[in-house]
Amino acid sequence: MRKRLTLIALLLGTLLPAQAFTLTEGRECLSLGGPWHYIVDPMDTGIYKYQMQLQKPTKRYFADRHFYQDKTRLIEYDFDKAPTLQVPGDWNSQSERLYFYEGSLWYRRTIDFRPVPGKRCFLYFGAVNYKCMVGLNNTILGTHKGGFTPFWFEVTDVLKEGENSLILWVNNTRGTDEVPTLNFDWWNYGGITREPLLVSVPQTFIRDYRVRFDGSEIAVSVFLDGGSGSVTLEIPELGLRKKACGGKDGVAEFRFKASPERWSPEHPRLYDIHLRCGDDALKDRIGFRTVRAEGEQILLNDKPVFLRGVAVHDETVSPNPGRCRNEEEVRALLELAKDLGCNFLRLAHYPHSEQMVRLAEEMGFLLWEEIPCYWNINWASEETYANAENQLVEMITRDYNRAATIIWSVANETPLTSERMSFLSKLIDKTREMDPTRLVSAAIQKEKPDLYHPVIADELAKLTDLVSFNQYIGWYDGKPADCDSVRWTVPSGKPVVISEFGGGALYGNHGSEAELFTEEYLAEVYRKQLPMIMGIPGISGMSPWCLKDFRSPKRPLTGIQDDFNRKGLVDEQGRRKMAFFVMQDFYRAKAAGLSQ
Ligand code: GCB
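Computed from a prediction, not measured in an experiment: that's the story for all the values here.

Caption draft 1: Layout of the overall build of the protein chain. Each helix and strand in the protein chain was counted, giving 7 helices and 30 strands. By the compact-globule yardstick of 25 Å for 596 residues, the protein chain fits well, its C-alpha radius of gyration being 25 Å. Principal-axis analysis of the C-alpha atoms gives the protein chain an extent of 75 × 60 × 45 Å. The proportion of buried residues among the 596 residues of the protein chain is 61%. Sequence-distant contacts, at least 24 apart, represent 71% of the contacts inside the protein chain between residues at least 6 apart. Put simply, the protein chain shows about 23300 Å² of open surface, and 49% of that area lies on carbon and sulfur atoms. One finds the centroid of the 73 positive side-chain charges in the protein chain at a distance of 3 Å from the centroid of its 80 negative side-chain charges.

Caption draft 2: Local environment of the site of the ligand. The environment of the ligand is formed by 14 residues, the closest being Asp185, Tyr374, Glu413, Tyr476 and Lys567. Taking Tyr472, its side chain carries an N or O atom lying 3.4 Å from an oxygen atom of the ligand. A distance of 2.7 Å separates an oxygen atom of the ligand from a polar atom in the side chain of Glu500. Computed on the free molecule, the ligand has an accessible area of 320 Å², of which 97% lies beneath the protein chains in the complex. Of the residues that constitute the shell around the ligand, the class distribution is 5 nonpolar, 4 polar and 5 charged.

Caption draft 3: Quick look at the environment of Arg432. With respect to the element layout, Arg432 can be found in helix α5 (residues 418–434). In this structure Arg432 touches Val440, Leu463, Thr464 and Asp465, once residues within four positions along its chain are discounted. At 2.7 Å, the side chain of Arg432 and the backbone oxygen of Leu463 are in polar contact.

Caption draft 4: Structural view of the nonpolar core. Grouped together as the largest cluster of nonpolar side chains are 109 residues, with contacts concentrated most on Leu345, Leu427, Phe469, Met542 and Met583. It is helix α6 (residues 519–534) that contributes the most residues to this core, 9 residues altogether. Both domains that meet at this core, namely domain 1 (2–202) and domain 3 (292–591), each give it at least three residues. Setting aside chain neighbours within four positions, we find Leu345 in contact with Val310, Val312, Leu334, Ala337, Ala360, Phe365, Leu366, Leu367 and Trp368. Ranked by size, the runner-up nonpolar core spans 29 residues in total, among them Leu105, Phe153, Leu166 and Leu168.

Caption draft 5: Spotlight on the sheet that holds strand β14 (residues 240–245). As summarised here, the arrangement of the 4 strands in space is β14-β13-β16-β17, forming an open sheet in which the pairing is antiparallel. With one partner strand each, in any of the chains shown, β14 and β17 (280–286) form the two edges of the open sheet. Shown here is a sheet whose adjacent strand axes are inclined to one another by a mean of 15°, direction ignored.

Caption draft 6: Just unusual backbone geometry, in detail. Backbone torsion omega between Ala348 and His349 reads -15°, so that peptide bond is classified as cis. With respect to the helices and strands, the residue His349 is situated in the loop between β22 (344–347) and α3 (354–363). Unlike most non-glycine residues, Asn137 shows phi in positive territory, near 50°. With respect to the helices and strands, the residue Asn137 is situated in the loop between β6 (131–136) and β7 (139–145).

Caption draft 7: Examining helix α2 (residues 327–340) more closely. With 14 residues, α2 should reach 20 Å at 1.5 Å per residue; the first-to-last C-alpha distance of 20 Å fits that figure. Here the buried face of α2 lies against β21 (307–312), β22, α3 and α7 (578–591). In this structure Asn326 caps α2, since a side-chain oxygen of it lies 3.2 Å from the backbone nitrogen of Glu328. The positive-phi residue at the C-terminal boundary of α2 is Gly341, with phi of around 100°.

Caption draft 8: Quick look at the pattern of salt bridges. A full pass over the atoms with the stated rule returns 49 salt bridges. Here Glu217 makes a salt bridge to Lys257, at a shortest N to O gap of 4.0 Å. Linking Glu217 in strand β12 (residues 217–225) with Lys257 in strand β15 (residues 251–257), this pair joins segments that are 40 residues apart in sequence. Through salt bridges with shared partners, a single network forms among Asp284, Glu354, Arg358, Glu361 and Arg402.

Caption draft 9: Expanded view of the sheet that holds β12. Taken in spatial order, the 3 strands of this open sheet run β11-β12-β15, and their pairing is antiparallel. Here the strands that pair on one side only, and so sit at the sheet edges, are β11 (205–213) and β15. If you compare each strand with its neighbour and ignore which way they point, the axes differ by 15° on average. Sheet analysis places β12 next to β15, joined by 7 bridges and oriented antiparallel. Counterpart to Val222 in the pairing with β15 is Ala252.

Caption draft 10: Structural detail: the pairing of strand β25 (residues 439–445). Within β25, 6 of the 7 residues are buried, which leaves the element mostly enclosed by the surrounding structure. Where strand β24 (residues 405–412) meets β25, 4 bridges bridge the pair, whose relative direction is parallel. Paired with Trp408 across the strands is Val440, a residue of β25. With 3 bridges joining them, β25 and strand β26 (residues 467–470) adopt parallel strand pairing. The partner of Ile444 across the bridge, within β26, is Phe469.

Caption draft 11: Representation of the packing of aromatic side chains. Per the stated rule, a full pass over the model turns up 36 aromatic pairs. When the centroid spacing of 5.2 Å and the interplanar angle of 80° are considered together, the rings of Trp475 and Phe517 count as edge-to-face. With Trp475 in the loop between β26 and β27 (496–500) and Phe517 in the loop between β27 and α6, the pair connects residues that are 42 residues apart, well separated along the chain. Taken as a pair, Trp475 and Phe517 share a single burial class, namely buried. In this structure an aromatic cluster arises from ring pairing among Phe148, Phe184, Trp186, Tyr350, Tyr374 and Trp375. Taking the ring centre of Tyr400 as reference, the NZ or CZ of Arg210 above it sits at 4.5 Å.

Conventions we followed
Residues numbered from 1 in each chain as written. Predicted model: local features only at pLDDT ≥ 70, side-chain atom pairs only at ≥ 80, totals over all residues. Heavy atoms only, no water. Helix = DSSP H or I, 4+ residues; strand = E, 2+ residues; numbered from the N terminus. Rg over C-alpha atoms; globule rule 2.2 N^0.38 Å. Buried < 20%, exposed > 50% of the residue type's maximum accessible area, 1.4 Å probe, protein only. Contact = heavy atoms within 4.5 Å. Areas by Shrake-Rupley, 256 points an atom, 1.4 Å probe, with all protein chains shown as cover. Lys, Arg positive; Asp, Glu negative; His and termini not counted. Charge placed at Lys NZ, Arg CZ, Asp CG, Glu CD. Near = heavy atom within 4 Å. Polar contact = N/O pair within 3.5 Å; in protein donor to acceptor, adjacent residues only side chain to side chain. Nonpolar A, V, L, I, M, F, W, Y, C, P; charged D, E, K, R; others polar. Core = buried A, V, L, I, M, F, W, Y, C linked by side-chain atoms within 4.5 Å. Domains from an automatic or database assignment. Pairing = 2+ DSSP bridges. Axes fitted to C-alpha atoms, helices over the stretch in contact; angles between N-to-C directions. Expected span 1.5 Å × (residues − 1). Salt bridge = Lys/Arg side-chain N within 4 Å of Asp/Glu carboxyl O. Phe/Tyr/Trp six-rings, centres within 6.5 Å; stacked < 30°, edge-to-face > 60°. Lys NZ or Arg CZ within 6 Å of the ring centre and 35° of its normal.

This is the structure in C-alpha cells:
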C-alpha cells in the first residue's frame, strides 16, 4: 500500500521547490530541441500492469526497450519505430489525431554525451504542459506540474558517456483541483512546449542573481551553487566593476549608487551585466526603472504612464496555430502589438515564455504577467493552493530581473467567496514577500445590479495595487450603444486598468453594425467602449481582449468560430479587422497626447 501511495504521489506530481536558473550567454547549453519519438498512451500502459496495478515506473516505458532489436521477446513498444513530434512544440497542432487529445503521451530522445571532468550537468525544461515525469537512463529524476514555468534536474551522476535515453511521461488531463481547472477558454496544448536544454556548468556556479533599482541605488544579489567564492560584477557602460565574497550561504551582495539611463517603452535601454565567479561567467542584459502606484496614477520612473495595452495569448500567428516555439513566432505577435500602438501587454492567462518576456523588454513593452488561477478553481484545497503558489514562485523567480514586468497578477475573473478571498490574499502576500518592487493585481469582475450602473465591489481590489476589471458591455452585456449611458462605480484612490473588453468578429465578415460577429459590429463595440472607459475615474490603462483570434474548444459556432475565440483585433493569420484600426487611431492619438 505504501509503495502504491508513493507512486501515486509521483504520478500526480509532487512539487519541486522552485529554484532559479539564469540561462543567458555564458552558459554552455545543448538544445534538446528537434524530433522526439512519441507514443500516445491514453490508458497509461507505460505505467500500469494490465489489471491497473502500478508498476515501478522504471519497469515499463522508462526502460526504453526495443521489440525490433530482438523479436524473440515480447515487448509491445519500441520508441525507435514510433513517429516523431517536434520539440519544443505542442502535440495538438502537429498531428490531426492529437488535435483534441488530452491524456498521457511519452516522449523519447537520445543524447550523445561526452563528459568533461569537473563539470556538472542539468536538464532544463522551459515548460511542459501539464504534468510530467522525467526519466534518464531508466532513473526517475522527478516530476513537475504546472504547464507554463521552467524546472530543472541535476543529472551529473546519471548521464553516462555515449548514448543516453531521455524519456518523459507527459499528461495534460484537466482536473478539478488543478490550476487551471477543468474549464478555461483557451486550447489545452499538451507536450514539451518550451525548449529543453542540457546545461553544463563548473562545480561552483552562479545559479541566479537578482537586481533591484530604487532610483538612486542598484542592489545585486548573486546566488552561488556548489560552494562559495569571490564574485565580480561589471556593468561596463556604467564604468562599474565590483567584487564581493559569497558568504557561507553562497550569496554575494552588492550595493552601490548609480544613475543609469532609465528603461521605458520609448527608450528601452538595456545594459550589459557580467558576473564572474571562478570558472563561471554569465552575461545578461538588464534595464533600470522604477514603478509605483501613487493615488490614481501609475508612475514609471516617477512620471505618470498610461497603459496602452492589449491582452495576448501565447499562440502563433498562423492558419494552424499552436504555442509559440521560437523568437520569430513571438516577434510576429509583438510586431502586431507595436503596430497597434501599444506600450503594454497583458500576458494572459498564464506565464508566457522567457523569450516572449525578453523580446517584449527589448521592444519596449511594459508587462502584466499572470498565473492561471482562472474562474473557479478549488479554493478550499491546500494542494491546489500549493500548486498555484509554486507556479507564482516559478514565474517571479524566472522574471525577477526583467524591467519590462511591472505587474504580477494572481487571478482572473474569480468568484466572490470567502474561500477564494483567503486563497488569493495568501497569494498576494506571497507575491509581495518575494517582490515588494512591483505592482500586484488581479483581473476582477463587475457586479451586475443593472446594466447602466455597474459597481466594482470585489473586496479583492482592497488588497491589490490596481483596480483591474474585465467588462463586456456591448457584447455579453447589452449593445454597444448602451456604453453611452453607463455610469461606473469604482473604488477610488487607486489606478484603474480595464483588463478586458471587446467582442467577436470573423475577419472578412461584413454586414450592419447590428449584426453580431461582423467586423462592423466589433468596430462599433470599440468606438463606444473607448469614450466610456476614458470616463472612468482613475483610468490608467487598458488591455482590450484581445490581440489575435485564438483556439478554444468552447467556441464551436460553425462557419464563424470553428474552434476559435473570435475576439481578436486580428484573425489567426494576423489579418487586421476594422476594430484594429479604431484601437490604433485611439492609441496613436493617446501617444501623441491628443486624446484625454
Ligand atoms: C473573459 C476571460 C477570457 C475569455 C473572454 C471571452 O472574461 O477572461 O479568458 O476568453 O472573457 O472571450 O469570453
